[in-house]
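# Topology and contacts: notes
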Amino acid sequence: MSKKTQNIYDGIKRLFELQSKLNHLSQELDSKELDDLSFSMSQELKNLDFWVKSLYMYNGKSTSKAKQSSSRENGKKGGRPPKEISQLKKRREEIQNEIIPDLENKKSLSLDFVERQIITQKIQASEEELEFINTKLHSLNYK
């Protein structure tokens, strides 16, 4: 168990002890002891609040250079891009880096005239889709 977590548990335990003392003392109605106990309870609550905040202060902070970089890039664009944008970018990368090069390679290796025409049509369709994606991304102010 971490030191922060242990301090939180200790603080909670002390608060329960103070609460039981407060209940016991409230029956006797000694105002000086009640004031001291109230002050101690307030201090323990502040201490507990500090440890809870410090325990969870670093949640979600990026540590790797890649996370920091992507976070800065997304921040420049107003935060994490919408899912549609991410999907369009992913599809664009797939078309540019996999589909078109693969089709062009198949076309260059093919000896059949009909097969070459079919591959050429697929390349044209992929380029049209790529153009559509780029237009859509541009209209959404993403590149």
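Predicted model only: the values in this text are computed from it and were never measured.

## Remarks on the pattern of salt bridges
The tally for this structure, following the rule as stated, stands at five salt bridges. Across the pair Glu-44 and Arg-14 runs a salt bridge, and its minimum N-O distance is 2.7 Å. With a gap of 30 residues between them, Glu-44 in helix 2 (residues 31–56) and Arg-14 in helix 1 (residues 3–28) connect regions that are remote in the sequence. Glu-44 gets classed as buried once you look at its relative accessible area, which sits at 16%. Looking at Arg-14, the relative accessible area reads 30%, which means it is partly exposed. The salt bridge partner of Asp-102 is Lys-106, with a shortest N-O separation of 3.7 Å. Taken together, the residues Asp-102 and Lys-106, both in helix 4 (residues 83–109) and four residues apart, mark about one turn of the helix. Each of Arg-91, Glu-94 and Glu-129 takes part in salt bridges that share partners, so that together they form one network.

## A word on helix 2
The first and last C-alpha atoms of helix 2 sit 37 Å apart over 26 residues, in line with the 38 Å expected at 1.5 Å per residue. Of all the residues in helix 2, the buried ones are Leu-34, Leu-37, Met-41, Glu-44, Leu-48, Trp-51, Ser-54 and Leu-55.

## Examining helix 4
Counted at 1.5 Å a residue, the expected span for helix 4 with its 27 residues is 39 Å, and the 38 Å between its end C-alpha atoms agrees. The sharpest bend along helix 4 comes to roughly 40 degrees, located at Ile-95. Within the span of helix 4, buried status applies to Ile-85, Leu-88, Arg-92, Ile-95, Ile-100 and Leu-103. Buried positions along helix 4 lie against helix 5 (113–139).

## Observations regarding a negative patch on the surface
On the surface, a cluster of negative charge is made up of Glu-104, Glu-127, Glu-128 and Glu-131. The dominant element in the negative patch, judged by the number of residues it contributes, is helix 5, at three residues.

Basis of the calculations
Residues numbered from 1 in each chain as written. Predicted model: local features only at pLDDT ≥ 70, side-chain atom pairs only at ≥ 80, totals over all residues. Heavy atoms only, no water. Salt bridge = Lys/Arg side-chain N within 4 Å of Asp/Glu carboxyl O. Helix = DSSP H or I, 4+ residues; strand = E, 2+ residues; numbered from the N terminus. Buried < 20%, exposed > 50% of the residue type's maximum accessible area, 1.4 Å probe, protein only. Expected span 1.5 Å × (residues − 1). Bend = angle between axes of the 7 residues up to and from the residue. Contact = heavy atoms within 4.5 Å. Patch = residues over 30% accessible without salt bridge, like charges linked within 9 Å, V, L, I, M, F, W, Y side chains within 5 Å. Areas by Shrake-Rupley, 256 points an atom, 1.4 Å probe, with all protein chains shown as cover. Lys, Arg positive; Asp, Glu negative; His and termini not counted. Charge placed at Lys NZ, Arg CZ, Asp CG, Glu CD.

Any functional reading would require information that these geometric values do not contain.
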